[in-house]
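Summary of the model geometry
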Amino acid sequence: MFKQWPLNIPVSVLLLGALTGVAFGFQFGYGNQTTYLVSGLRLLDPQYLANDWWATETVQYHRRFAYLVLALGSIGSLPWILATVNALAISVGAVALFRFASHLSDDQRTATYCWLLTSILFFGITGTISVAGSNAFTGGIQPSGFAAVFLILAMLTFATGRFAVSGVFLALSGLAHTNFLLLGLPVFGFAHLLIGRSGLVRRGVIQFWLPVVVLLFELPIILQVSAPGVAPEIRAEASRILSEIRAPHHYNETSFLLKFLPLLAWHAIAITHLKYVKTDTDFGGRLLKLYWSFLVLLVFGFVATVLLNIDTVSRLFVWRMAPFSLVLAFLIIAAAATQLVLGDKKASWDAYPAWRLGILSFGALALGVAHIGLVRGLFASLILVGILWFARRHWSVTRVTLQWPARRSVTMLGLGTVILLGTMFVRVPSSQITCQFNLFVSGCDEARNELYSWARTGTDPGAVFLIPPNLEQFRLLGRRAVVISWKDVPLGPEEILQWYGRIDDISGGILPESFSETKRGYAALDDRQIEQLVQKYDVDYVVRGILKTSPIAEGQEVFRNTDYFVLPSSVFSVSGPVRVSGPVSR
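Just so we're clear, the structure is a prediction, and the values are computed from it rather than from any experiment.

So, the overall build of the chain
A count of helices and strands for the chain gives 27 helices and five strands. For the chain, with 586 residues in total, the buried portion stands at 56%. Relative to all contacts within the chain whose residues are 6 or more apart in sequence, the contacts with residues 24 or more apart total 70%. With the model as given, the accessible surface of the chain reaches about 24200 Å², and the carbon-plus-sulfur share is 63%.

Structural notes on the packing of helix H15 (residues 282-307) against helix H17 (residues 322-342)
Closest axis-to-axis distance for the H15/H17 pair is 10 Å, and the angle between their directions is 140°. Put simply, H15 runs oblique to H17. Like other packed secondary-structure pairs, H15 and H17 cross with a definite hand, here left-handed. For the pair H15 and H17, contact is made by Leu287, Leu290, Tyr291, Phe294 and Leu298 and by Ala322, Phe324, Ser325, Leu328, Ala329 and Ile332, respectively. Partitioning the contact of H15 with H17 into residue classes produces ten nonpolar, one polar and no charged.

Some thoughts on the environment of Arg109
Take Arg109: it is sitting in helix H7 (residues 108-125). Separated by 233 residues in sequence, Arg109 and Leu342 place their C-alpha atoms 7.9 Å apart.

A short note on unusual backbone geometry
In terms of backbone geometry, most residues other than glycine have negative phi values and most peptide bonds are trans. Even without a glycine there, the phi angle at Asn309 is positive, about 55°. Tracing the backbone through its elements, the reader meets Asn309 in the loop between H15 and helix H16 (311-316). Given the relative accessible area of 62%, Asn309 is considered exposed. Positive phi values are uncommon outside glycine, yet Asp538 reaches one of about 55°. Within the fold, Asp538 resides in the loop between helix H27 (527-537) and strand S3 (541-545).

Considering the packing of aromatic side chains
According to the stated counting rule, one finds 27 aromatic pairs in the structure shown. Relative to Trp115, the ring of Phe98 lies with its centre 5.6 Å away and its plane at 85°, an arrangement referred to as edge-to-face. Taken as a pair, Phe98 in helix H6 (residues 78-103) and Trp115 in helix H7 lie far apart in primary sequence, 17 residues in all. Phe98 sits in the buried class, given a relative accessible area of 2%. You can call Trp115 buried: its relative accessible area is 2%.

Remarks on the sheet that holds strand S4 (residues 559-560)
Taken in spatial order, the five strands of this open sheet run S2-S1-S3-S5-S4, and their pairing is mixed. Among the strands making up the open sheet, the edge pair consists of strand S2 (481-482) and S4. Examined bridge by bridge, strand S1 (residues 464-466) and S2 share two bridges and lie parallel to one another. Considered in S2, the bridge of Val464 is made with Ala481.

Comments concerning the confidence of the model for the chain
Within the chain, residue pLDDT values average 83, and 79% of them lie at 70 or more. Scored below 50 in pLDDT, residues 396-406 makes 27 contacts in the model with residues more than four places away or belonging to other chains. Every residue in residues 575-586 scores below 50 in pLDDT, and together they form 31 contacts with partners more than four places removed in sequence or on other chains.

Description of the packing of helix H9 (residues 163-176) against helix H10 (residues 178-195)
When two helices pack together, their arrangement is captured by the angle between the axes and the distance separating the axes. Look at H9 against H10: their axes get within 6 Å of each other, and the N-to-C directions meet at 155°. Overall, the two elements H9 and H10 adopt an arrangement that is roughly antiparallel. Of the two possible hands of crossing, H9 and H10 adopt the one that is right-handed. Contact with H9, carried on its side by Phe163, Ser166, Leu170, Ser173, Gly174 and Ala176, involves Thr178, Phe180, Leu181, Gly184, Leu185, Phe188, His192 and Ile195 of H10 and no other residues of that element. Considered class by class, the residues forming the contact of H9 with H10 number eight nonpolar, six polar and no charged.

Here's the deal with the environment of Leu68
Structurally, the position occupied by Leu68 is in helix H5 (residues 63-75). Judged by its relative accessible area of 30%, Leu68 falls in the partly exposed class.

Comments concerning H10
The end-to-end C-alpha separation of H10 is 26 Å, in line with the 26 Å expected for 18 residues at 1.5 Å each. Along H10, the helix axis deviates most sharply at Gly184, where the bend reaches about 30°; the proline Pro186 sits within four residues downstream. Three or more residues of H10 are buried, namely Thr178, Asn179, Phe180, Leu181, Leu183, Gly184, Leu185, Val187, Phe188, Gly189, Ala191 and His192. Of the residues trailing H10, Gly196 is marked for its positive phi of about 135°.

Notes on the side chain of Gln27
Following the sequence through the fold, Gln27 ends up in the loop between helix H1 (8-23) and helix H2 (33-36). Residue Gln27 is classed as buried on the basis of its relative accessible area of 16%. Setting aside anything within four residues of it in sequence, one finds Gln27 in contact with Gln33, Ala83, Gly139, Gly140, Cys435, Gln436, Asn438 and Leu439.

Observations concerning the nonpolar core
Counting 159 residues, the largest nonpolar core has Phe100, Phe137, Met155, Phe188, Phe324, Phe465 and Phe474 as the members making the most contacts within it. Of all the elements, H17 adds the most residues to this core, at 17 residues. The residues touching Phe474, leaving out its near neighbours within four places in the chain, are Leu451, Tyr452, Ala455, Phe465, Ile467, Arg479, Arg480, Val482 and Val543.

Thresholds, definitions, all that
- Residues numbered from 1 in each chain as written.
- Predicted model: local features only at pLDDT ≥ 70, side-chain atom pairs only at ≥ 80, totals over all residues.
- Heavy atoms only, no water.
- Helix = DSSP H or I, 4+ residues; strand = E, 2+ residues; numbered from the N terminus.
- Buried < 20%, exposed > 50% of the residue type's maximum accessible area, 1.4 Å probe, protein only.
- Contact = heavy atoms within 4.5 Å.
- Areas by Shrake-Rupley, 256 points an atom, 1.4 Å probe, with all protein chains shown as cover.
- Axes fitted to C-alpha atoms, helices over the stretch in contact; angles between N-to-C directions.
- Parallel < 35°, antiparallel > 145°, perpendicular 65-115°, else oblique.
- Left-handed = near helix turned anticlockwise from the far one by under 90°.
- Nonpolar A, V, L, I, M, F, W, Y, C, P; charged D, E, K, R; others polar.
- Phe/Tyr/Trp six-rings, centres within 6.5 Å; stacked < 30°, edge-to-face > 60°.
- Pairing = 2+ DSSP bridges.
- pLDDT = per-residue confidence, 0-100.
- Expected span 1.5 Å × (residues − 1).
- Bend = angle between axes of the 7 residues up to and from the residue.
- Core = buried A, V, L, I, M, F, W, Y, C linked by side-chain atoms within 4.5 Å.

This is the structure in C-alpha cells:
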C-alpha cells in the first residue's frame with residue numbers, strides 16, 4: 001500500500017463517496033421501510049397503529065432499529081434524517097472500498113482506478129443487488145443497510161489482520177441485523193481455518209468472543225421466530241406459504257434459478273484473474289481466503305436449497321451474503337484490470353491482449369445486467385471500457401513516474417460524475433428516477449399519496465381500514481391500522497398462518513396462491529363479503545379501486561380521487577358509528 005497520498009486524492013475519494021450515497025436517492029416510505037419503521041414510530045407515538053393486528057400482536061424482528069428510529073425521530077424530521085443517514089452509510093461503504101483498493105495496489109494510480117472500477121461494478125452495474133433480491137444498500141435506510149456497512153468494515157479489518165476490530169464490526173453487523181451474524185460467523189470462521197492451524201484458537205477467540213455474546217443475546221428472539229415447539233404440520237404449512245406464496249423470490253430458489261447466472265459469471269471472471277492480483281502479501285492472502293469462504297457458503301446454500309430442498313437453510317437466506325461476495329469479486333476483477341492496464345510489467349499486458357479483457361468484461365456485464373435490459377447494459381459496458389481506455393492512454397507503462405498533480409483531480413471528479421450518472425441510469429428505470437428523490441419532489445403515486453394524506457388527517461387515529469393488498473405504504477404514510485397487507489408477513493409459523501388467513505379473507509376465500517390472485521380476489525369482493533369483513537375485523541373504512549362499481553357506494557363515499565374511493569363501514573353495517581375527525585374529501 002502506498003504511504004504518501006497527495007491531499008487531493010482522499011478529498012476526491014470522500015467527495016465521490018458522498019456523491020455515491022446521494023445518487024442512491026433520498027427516499028422515505030418505500031420498500032422495506034414500510035415494515036421496519038413501524039416499531040420505532042410506535043415508540044415515538046404509542047397510539048400509532050394501536051388497533052393494528054400485525055403491529056401489535058406479532059413478533060417485531062428488528063427491535064434495536066426501533067430504538068434508533070426513536071432516537072433519530074426525537075431530533076427532528078425523521079424522513080430527512082433517515083435519508084441523510086442512509087447516504088452517509090453508503091458513503092462509508094464507498095470509502096471502505098477505496099481502502100481495499102489501496103491495499104491491493106502499488107501506487108496511487110492503480111489504487112484510484114481500481115476503486116473507480118469497483119465502484120462502477122458494485123454501485124453502478126449491480127446497484128449492490130444480487131441473487132434472490134439480496135442487496136447491500138437501497139435508497140432508504142433499513143437494518144440491513146447498517147449491517148452491510150459494518151460487514152464491509154469487518155471484511156476490511158479481517159484482511160488487514162486486525163481480528164479484534166473485525167470482531168467488533170461483525171458484532172455490530174449482527175446487532176443491526178441478526179441474519180448477518182448467523183451467516184457471518186461461519187464465513188469468517190472458515191476463513192480463519194483457511195489461514196491455518198497456527199494460532200487458530202487465539203485468532204478465533206479474538207475474532208469471535210463479542211459476536212458470540214451478541215448471538216447469545218439474540219437467542220430468545222431467534223427461538224421465538226423459529227418456534228421449535230410448534231407442531232410439525234404447522235411449521236410445514238407456514239414454510240409452504242412463505243416460500244411458495246408470499247416470498248418465492250426470496251425462499252424458493254427454483255423460481256429464480258436464472259438469476260444465479262450473473263453471480264456465476266462474476267465469480268468466474270474473478271477466479272480466472274486471480275493471478276494478476278497481489279495475493280502473495282498478508283493482506284492479499286487473507287482477502288483471498290475470505291473470498292473463498294464466501295464462495296463455500298454460497299455453494300453450500302445452492303446445494304442445500306436447490307438440490308436437497310432443505311427448508312431450514314432456505315429460511316436462513318444464505319443469499320444475504322451474495323452481494324458481499326461480489327464486493328470481493330469486483331475488487332479482484334478491478335485490481336486485475338488496472339494491473340494489466342497500468343502495471344509496470346508490460347509482459348503481463350502482452351500476454352493478455354486488451355481485446356480479450358474487453359470481451360470478458362463485456363460478457364460478464366451482459367450477464368450481470370440481464371435483469372435491467374440490454375440498452376442500459378451496453379451503456380454500463382461502455383463506461384467500463386471508457387475508463388480502462390482513459391487509464392491506458394494517460395497512465396501507460398511508459399509514464400510510471402508520472403505524479404498526480406492537482407489538475408488530474410478534476411479529471412477524476414469528472415470520471416466519477418459520469419460513473420454516478422451512469423449508476424442512476426443503469427440501476428433505476430427512467431420512469432422512477434424522479435421518485436428516487438421523493439423527499440425533494442412531489443408527484444410520485446399522486447393518487448395514493450392523496451389517499452394516505454386524507455386518512456392521516458381526516459380520520460380518527462384509532463380507525464381501522466380494509467385496504468387493497470397492494471397499498472403497502474398505508475400504515476407508514478396513512479398512519480392508520482389496516483386489516484392486512486401483502487408485504488407485512490410475520491416470521492413465526494403460527495403468525496404466518498394467521499397472516500394467510502387474513503389474506504384469504506380479503507381475497508374472498510379463494511385460497512390465493514400469489515399476489516396477483518390476492519389483488520383480483522379483493523377487487524371481486526361483493527357487498528355481502530365486505531359486510532362480513534367489516535363485522536369480523538371491526539373495520540371503520542373500506543378502500544376500493546375506482547374501477548369497482550357497487551350500487552351501495554353511490555353517493556356514500558367519504559373520499560374519492562382518480563384511483564380510489566373510500567366508504568364508511570356504516571354503509572355495510574349498523575354495528576356502530578364511524579370514527580371520523582376531519583372534513584370529507586371528494
